[in-house]
Amino acid sequence: MLSINGQGLYDGKRQLIGGVITFRDTTDATRRTNELQKLAQYDELPGLPNRSLFVEQLSRAMGRSQRKSAPLAVLFVDLDRFKSINDTLGHDIGDALLRQVAGRLRTNLRIGDISGRWGGDEFVVCLEDFGESNNAAAAAQKLLLVLSEKYEIGNSEVYATPSIGITMYPDSGATPDLLIKAADLAMYESKKRGGGRFQYYSQALNTQLAQREELEIGLRHALVRNEFVLHYQPRIDLANGRLIGLEALLRWQHPRFGLLPPARFLPILESSGLIHSASEWVIATSCRQLAAWQRQFELPDLSLAINLSQQQLVHQRLVDTIKSALLDTALDPGCLEFEISDGAIAQKRTAELSTLQGLRKLGVRISLDHFGTRDVSFESLDNGFIDSFVLDQSLIVDVAENGSHQRIVRAAIAMAQGLDIEVAAEGVETLSQLEFLRSCHCDLAQGFLISRPMQSDKIAAILRSEIAGTRLLARGML
Ligand code: C2E
Ligand code: MG
């Protein structure tokens, strides 16, 4: 390919006296630009269009659909338990699996249908040119079958099933963004029903989507409008009933929906990236509160547990936030415990491990939350990161009568003692649960039986009674 460039030559009186013409071979440069453009639009891993190209193609398809008055379907495809495949078989197998899924998507769609990679193990498909919505279901069913067939990767046989959400244009959304969001929601619904199935987007889901969007917009302003609130739940030492610490639990005082628990907004905080600033607020506010209580009630050992989301561990910013909270409050770092989910430890990703190392250097404690809900290896417990774990509520809820849960709890506590790890049990609601935990020598307990999470003024009253010698649990109960 040739590029020609001409330039006039002028004398002092600005009279044209000649010219210079340059010829340049631009074959290489053009090829490089094209390759870069392609790389930007196609996802390197499965060789499928990426988000932006898919959205562009979808919006063109929507234009065609409008002109022809023919509906269009968008499918959101997500692999079930992909994370655990990645965790147990390794990232190379995970990547190979995604490549094969992409291949099966490409080969099993009709010419003209569009597919793309939305991110991670999420794929999107747009089906054009069919009359009734049943056809979209037939296509989804076919994809479900082909994507559920055995994958042969190296010497391994891997089985995976997809969850699929279906939306129709124009019924379920007027823009590519809305259509895909709705399909994502429908996919999530099929996941909730056990996975390996597809689900249409419905009016009920529609209301949910509208609420979610309202919440997402509201969350952007919640911090500056001072709408976040912290509740604190006491934790007691099971050996003597003393209140030894508190867990900070985030709430959102929504102007329209009232006081919302984390389950209603935490997933949105996490998926929108707002979790970082919200958590900075949680850390700064709860540390200030703890320092004030320690001083006011002369309880220098009173501890505080703060929950962290997995995304936060990828950012070094977390370590800086905690460091400045420690500097501001002059708290003993040993009084702070950060609760993480076991995924962070199990996956051994360098960014996350380096944050954990940063936390260790600060001298704060690290605790594994929701223990017993996922597989954790001995190695990840004995790698020096973990000071304690919190037995999940689902184990405690029926521990007084469920023999299997009794054995698990007893074994977990015995193992923790062997590894010099402290154990807390949460969700303790009855005396018989408490008695069982005490009989296994569980260290700490937390739950409605002892106290519900409460606002700081109520906690101050509890602390006042505690130092006056009145325990949350009467002596006879222990
Ligand atoms: P979690 O860390 O397991 O917190 C304990 C949850 O159990 C709290 O729910 C608490 O209200 C509830 N609970 C306590 N005792 C009992 C009981 O006896 N029975 C029953 N049924 N429930 C009890 P909450 O406040 O709704 O928090 C839910 C989850 O949200 C927390 O689970 C934690 O994982 C997360 N979370 C809360 N605050 C934050 C935060 O500031 N940042 C992050 N990243 N996550 C948070
Ligand atoms: Mg917790």
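Each remark here, short or long, concerns the structure printed above.
Small disclaimer: the values here were computed from a predicted structure and weren't measured.

A. Representation of the nonpolar core within the structure. Phe389 and Leu391 are the most contacted members of the largest nonpolar core, which has 78 residues in total. Tallying contributions element by element places helix α9 (residues 275–296) first for this core, with eight residues. Once residues lying within four places of it in the same chain are set aside, the contact partners of Leu391 are Phe371, Ile396, Val409, Ala412, Ile413, Val423, Ala424, Ala425 and Glu426. Counting residues in each nonpolar core, the second largest holds 31 residues, with Ala73, Phe82, Leu97 and Leu127 among its members.

B. Structural context of the packing of aromatic side chains. Applying the stated criterion to the full structure yields five aromatic pairs. Ring geometry for Phe228 against Phe265: centres 6.1 Å apart, planes inclined by 35°, an arrangement best described as tilted. Here the residue Phe228 occupies a position in strand β12 (residues 228–237), and Phe265 occupies one in helix α8 (residues 262–272), the gap between them amounting to 37 residues. Each member of the pair, Phe228 as well as Phe265, is classed as buried. The rings of Phe228, Trp252, Phe265 and Trp281 are connected pair by pair, giving a single aromatic cluster. The ring centre of Tyr151 lies 3.6 Å from the NZ or CZ of Arg104, which sits over that ring. Here Arg452 stacks its cationic end above the ring of Phe448, 3.8 Å away from the centre of that ring.

C. Geometry of the pairing of strand β17 (residues 365–371). Within β17, five of the seven residues are buried, leaving the element largely enclosed by the surrounding structure. Pairing of β17 with strand β18 (residues 388–391) involves three bridges; the strand directions are parallel. Directly across from Phe371, in β18, lies its bridge partner Leu391.

D. Geometry of the site of ligand 1. The local shell around ligand 1 holds 22 residues, among which Arg251, Gln393, Glu426, Glu429 and Phe448 are the closest. Between ligand 1 and the protein, one listed contact pairs an oxygen atom with a side-chain N or O atom of Gln393 at 2.4 Å. Note that a nitrogen atom of ligand 1 is positioned 2.5 Å from one of the side-chain N or O atoms of Glu429. Contributing elements (two or more residues each) for the shell around ligand 1: β13 (243–254), α8 and β17. In terms of residues, the shell around ligand 1 owes the most to one element, β13, which gives four residues. Broken down by class, the residue content of the shell around ligand 1 amounts to nine nonpolar, seven polar and six charged.

E. Main features of the coordination of the magnesium ion (ligand 2). Within the protein, the magnesium ion (ligand 2) binds to Glu247 (OE), Asn307 (OD1), Glu339 (OE) and Asp369 (OD); these donor distances fall in the range 1.9 to 2.3 Å. The buried category is assigned to Glu247, whose relative accessible area is 3%. Judged by relative accessible area, Glu339 falls into the buried class, the value being 1%.

F. Focus on the sheet that holds strand β11 (residues 198–200). Spatially, β6-β7-β5-β10-β11 is the arrangement adopted by the five strands of the open sheet, whose pairing is mixed. Two strands in the sheet have a free side with no partner beyond their single neighbour: β6 (114–119) and β11. The mean inter-strand angle of the sheet, taken between neighbouring strand axes irrespective of direction, is 20°. As paired elements, strand β5 (residues 72–79) and strand β7 (residues 122–127) share six bridges and run antiparallel to each other. Note that in β7 the partner of Asp78 across the bridge is Glu122. With respect to the sheet, helix α4 (residues 91–108) is in contact with β5, β6 and β7, its orientation differing from that of β7 by roughly 5°.

G. Expanded view of the pattern of salt bridges. Within the structure shown, the criterion is met by 19 salt bridges. Where Glu466 meets Arg471, a salt bridge forms, and the shortest distance between an N and an O atom there is 3.2 Å. For Arg471, a relative accessible area of 23% gives the class partly exposed. Several salt bridges share partner residues, and in doing so they unite Arg235, Glu247, Glu337, Glu339, Arg365 and Glu422 into one network.

H. Inspection of the packing of α9 against helix α17 (residues 456–467) at higher detail. Put simply, α9 and α17 touch, their axes get as near as 11 Å, and they point 30° apart. Judged by the angle between their axes, α9 and α17 are roughly parallel. The two elements α9 and α17 cross, and the hand of that crossing is right-handed. Between α9 and α17, the contacting residues are Gln289, Trp293 and Gln296 on the first element and Ser456, Ile459, Ala460, Leu463 and Arg464 on the second. Looking at the contact of α9 with α17 residue by residue, the classes come out as four nonpolar, three polar and one charged.

I. Quick peek at the environment of Tyr151. In this structure, Tyr151 sits in strand β8 (residues 151–153). Taking the C-alpha atoms as reference, Tyr151 lies 7.2 Å from Leu97; in sequence the two are 54 residues apart. Excluding its chain neighbours within four sequence positions, the residues that come into contact with Tyr151 are Leu97, Gln100, Val101, Arg104, Val146, Ser156, Glu157, Val158 and Ala160.

J. The environment of Ala210, seen in detail. Structurally, the position occupied by Ala210 is in helix α7 (residues 203–222). According to the relative accessible area criterion, Ala210 is partly exposed, its value standing at 45%. Sequence separation between Ala210 and Ala182 is 28 residues, and the spatial gap between their C-alpha atoms is 9.9 Å.

K. Summary view of the pairing of β13. Across the 12 residues of β13, 10 count as buried, placing the element largely inside the fold. Here β12 runs beside β13; their pairing, made up of nine bridges, is antiparallel. Among the inter-strand pairings, Ile236 is bridged to a residue of β13, identified as Leu243. Between β12 and β13, which pair antiparallel and follow one another directly, the connecting turn spans five residues, one of which, Gly241, has a positive phi of 75°. As paired elements, β13 and strand β15 (residues 303–307) share four bridges and run parallel to each other. By the bridge assignment for β15, Gly245 is matched with Ser303.

L. Quick peek at helix α16 (residues 431–439). Looking only at α16, the buried set comprises Gln433, Leu434, Phe436 and Leu437. End-on view of α16: buried residues confined to an arc of 160°, all on one side of the axis. Two residues or fewer past α16, His441 is found with a positive phi of approximately 65°.

Conventions adopted
- Residues numbered from 1 in each chain as written.
- Chains lettered and ligands numbered in written order.
- Predicted model: local features only at pLDDT ≥ 70, side-chain atom pairs only at ≥ 80, totals over all residues.
- Heavy atoms only, no water.
- Core = buried A, V, L, I, M, F, W, Y, C linked by side-chain atoms within 4.5 Å.
- Buried < 20%, exposed > 50% of the residue type's maximum accessible area, 1.4 Å probe, protein only.
- Helix = DSSP H or I, 4+ residues; strand = E, 2+ residues; numbered from the N terminus.
- Contact = heavy atoms within 4.5 Å.
- Phe/Tyr/Trp six-rings, centres within 6.5 Å; stacked < 30°, edge-to-face > 60°.
- Lys NZ or Arg CZ within 6 Å of the ring centre and 35° of its normal.
- Pairing = 2+ DSSP bridges.
- Near = heavy atom within 4 Å.
- Polar contact = N/O pair within 3.5 Å; in protein donor to acceptor, adjacent residues only side chain to side chain.
- Nonpolar A, V, L, I, M, F, W, Y, C, P; charged D, E, K, R; others polar.
- Donors = N, O, S within 2.8 Å, 3.2 Å for Na, K, Ca; no water.
- Axes fitted to C-alpha atoms, helices over the stretch in contact; angles between N-to-C directions.
- Salt bridge = Lys/Arg side-chain N within 4 Å of Asp/Glu carboxyl O.
- Parallel < 35°, antiparallel > 145°, perpendicular 65-115°, else oblique.
- Left-handed = near helix turned anticlockwise from the far one by under 90°.
- Arc of directions from axis to C-beta.

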